[in-house]
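Tertiary structure, described
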Amino acid sequence: MLDIKLIRTNPELVKEAMRKRKKEIDIDALIALDAKRRELIYTAEQKKAEQNQKNKLVPQYKKEGRDVTALFAEMKALAAEVKEEQAEVSKLDEEIRALLLSIPNIPNEQVPEGADDSENLELRRCGEP
């Protein structure tokens, strides 16, 4: 399985390799799914950080005698949003993994182009087949 970092940083290399292998794989769709996944992870982490900030305010509010029910409601809403985003990230992870498993390895530059071994170039033959 190819590393998603290789595909992300050098998509043209992978596209050219797939062209040589005569495989129809949408590398751009894979990159778009990866970008969406990374964006969701970023927003979930931001919301977790916000939730942690609010969590640190609870003792301070209690010490001052302020009502913390609104703060708890905000934290609960943030937790629900984070949970939804993490579920979507898991779904995207599965889709990305399935796509990555369908992508063959990048062939060596010396390998002749072709869809399968029937298009290979015979270099030598020993005995009768």
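See above for the structure.
Here we summarise the structure given alongside this text. (Residues numbered from 1 in each chain as written. Predicted model: local features only at pLDDT ≥ 70, side-chain atom pairs only at ≥ 80, totals over all residues. Heavy atoms only, no water.)

1. Description of the side chain of D34
Heads up, the condition is: By the criteria applied, helices consist of DSSP H or I runs no shorter than four residues and strands consist of E runs no shorter than two, each listed in order from the N terminus. Contacts are assigned to residue pairs that have any heavy atoms within 4.5 Å of one another.
Here D34 lies in helix α3 (residues 27-64). Other than its neighbours up to four places away in sequence, D34 contacts I4, R8 and I96.

2. Structural notes on the environment of L101
Structurally, L101 can be placed in helix α4 (residues 69-102). C-alpha separation for the pair L101 and E84, spaced 17 residues apart in sequence, amounts to 26 Å.

3. Some points on the nonpolar core
In plain terms, the rule: Buried Ala, Val, Leu, Ile, Met, Phe, Trp, Tyr and Cys residues that are joined via side-chain atoms within 4.5 Å together make up what is termed a nonpolar core. Accessible area is worked out with a 1.4 Å probe on protein chains only. A residue is then buried under 20% of its type maximum, exposed over 50%, and partly exposed in between.
Ranked by size, the top nonpolar core spans 15 residues in total, and within it I7, V14, L30, I96, L100 and I103 carry the most contacts. Mapped onto this core, the elements with two or more residues apiece are α1 (4-9), α2 (11-20), α3 and α4. In this structure, I103 is in contact with L2, I7, M18, I25, I27 and L30, ignoring residues within four places of it in sequence. Judged by nonpolar contacts, the second largest core, of five residues, contains V58, Y61, V68 and M75.

4. Looking at α2
Heads up, the rule is: Here, the arc refers to the directions that run from the helix axis to the C-beta atoms.
Turning to α2, its buried residues are P11, V14, A17 and M18. For α2, the angular spread of buried residues about the axis comes to 125°, placing them on one side. Among the structural elements, α1 and α3 are those in contact with the buried residues of α2. Looking one or two places after α2, you find K22, whose phi comes out positive at around 55°.

None of the figures reported here should be taken as evidence of function without further support.
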